[in-house]
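Chains, contacts and geometry: an overview
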Amino acid sequence: MTLAEYADRWLAELIGRRPRTIESYRSGLVLHVLPRLGAKQLGRIDADDIVALARELYAQGYAAWTVDTILKPLKTLFRHAVRRDVLAASPFHKLERSELPRPWTPDQRVLSAAEIGRLLAAASPRYRILLASAIFTGLRQSELLALRWQNIDSDAGLVRVRTALDRNRRHVPLETRAARRDVILVPTLGDELAEARATSRFSQASDYVFPSSVGTPLIWRNISSRGLAPAAEKASVGSLRWHDLRHTFASMLIANGANVLFVCRQLGHCSPDTTLEIYGHLWEVAEQAERTRQALEKVCKKVAAGERSRTRSGRRTRSASPYFRRS
């Protein structure tokens, strides 16, 4: 059986994955893998073939992150073949660490309070409350677009996340059980949502919170290209990804003393380990920065006090610290 034949069977049998993930797998295989390796027998593909494929992708200008994404479905396919006893071992197991893509995690962009203000002021009226909701709830894009008014519990001060939309605007189950959650609704945002509902043509409990002109969900691509990108450019806050708004929400929680378990639940992560892996450095900054600043301030004060004492007694020495001398 060739790789192309097995890939068709494997993709047809994939279960338990979101349609978007399956489409991503199919796209990576069809565009990049099968044109190079599809005609080879599955059992004759070895580690050198994979290394050659990766090098060819690098030569075409693809970044390590993209190469890793392209190879991921191929690696999963081989793991499936081993589990089904089609192959004895996966060629990926023979690769050296240096031969595998080692992508860097993209830097997290976190907006400051001033940048949030400029971004929302620059946003068009159609998208401003959507952007504000993304920043102050941390919901994933697919979760935001699926929100109905019945999910906004103003009395309890909660946004109840119960479903999501795929790229074709179809309702799909949430990614994990942990994604089904209740997120805090700050009063100011709650007031703005209530005002928006009062003036909307689509205000029934089952209507979407962020509808199109005909009441259907907004298109994911449009809210970025027509909503976020123009607002970011006008506000001079640099290029922004939609996920940066979620990072900003997490950063605000951590900066204001939220513990890891609370942040984990608000973001809908499977476990606190995931939260720590992504945002652990923010806790380090939040918890350690002020403590370190105070400790260093004590040292600075001692140095300054000693310098002033030596100055008054006329016993300044060459080794005395110059940093606190008064002119």
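Residues numbered from 1 in each chain as written. Predicted model: local features only at pLDDT ≥ 70, side-chain atom pairs only at ≥ 80, totals over all residues. Heavy atoms only, no water.

This part takes up the environment of Leu34. Assignment of secondary structure puts Leu34 in helix α2 (residues 19-37). In this structure, the C-alpha to C-alpha distance between Leu34 and Glu5, residues 29 residues apart in sequence, is 10.0 Å. In this structure, Leu34 is in contact with Leu3, Ala4, Ala7, Leu29 and Ala39, ignoring residues within four places of it in sequence. (Helix = DSSP H or I, 4+ residues; strand = E, 2+ residues; numbered from the N terminus. Contact = heavy atoms within 4.5 Å.)

Applying the stated criterion across every chain, the model contains two aromatic pairs. Centre to centre, the rings of Trp10 and Tyr25 are 5.7 Å apart; their planes meet at 15°, and the pair counts as stacked. Of this pair, Trp10 sits in helix α1 (residues 3-13) while Tyr25 is found in helix α2, placing the two residues 15 residues apart along the sequence. Here Trp10 matches Tyr25 in class, with each residue buried. (Phe/Tyr/Trp six-rings, centres within 6.5 Å; stacked < 30°, edge-to-face > 60°. Buried < 20%, exposed > 50% of the residue type's maximum accessible area, 1.4 Å probe, protein only.)

Tracing the backbone through its elements, the reader meets Leu228 in helix α9 (residues 220-235). Given the relative accessible area of 2%, Leu228 is considered buried. The contact partners of Leu228, leaving out residues within four places of it in the chain, are Leu119, Leu131, Ile223, Leu240, Arg241, Trp242 and Leu245.

What follows is about the packing of helix α6 (residues 125-137) against helix α8 (residues 187-199). Two numbers describe how α6 lies on α8: the axes approach to 11 Å, and their chain directions differ by 150°. Classified by the angle their axes make, α6 and α8 are roughly antiparallel. Classified by chirality, the crossing of α8 by α6 is left-handed. Contact with α6, carried on its side by Arg128, Ile129, Ala132, Ser133, Phe136 and Thr137, involves Leu189, Glu192, Leu193 and Ala196 of α8 and no other residues of that element. (Axes fitted to C-alpha atoms, helices over the stretch in contact; angles between N-to-C directions. Parallel < 35°, antiparallel > 145°, perpendicular 65-115°, else oblique. Left-handed = near helix turned anticlockwise from the far one by under 90°.)

On to the pairing of strand β5 (residues 181-184). Covered by surrounding structure in β5 are Arg181 and Val183 only, the residues Asp182 and Ile184 on the alternate face being uncovered. The pairing of strand β2 (residues 158-161) with β5 spans four bridges and is classified as antiparallel. By the bridge assignment, Arg160 is partnered in β5 with Asp182. (Pairing = 2+ DSSP bridges.)

Attention now moves to the pairing of β2. One ladder, built from two bridges, connects strand β1 (residues 152-153) with β2; its direction is antiparallel. Bridge assignment links Ile152 to a residue of β2, and that residue is Val159. Counting the residues in the hairpin turn of β1 and β2 gives four residues, including Gly157, whose phi is positive at 70°.

To continue, consider the sheet that holds β1. The strand order across the open sheet built from three strands is β1-β2-β5, with neighbouring strands paired in antiparallel fashion. With one partner strand each, in any of the chains shown, β1 and β5 form the two edges of the open sheet.

Position of Leu29 among the secondary structure elements: in helix α2. Relative accessible area serves as the criterion here: at 0%, Leu29 is assigned to the buried category. For Leu29 and Pro73, which are 44 residues apart along the polypeptide, the C-alpha to C-alpha distance reads 7.1 Å.

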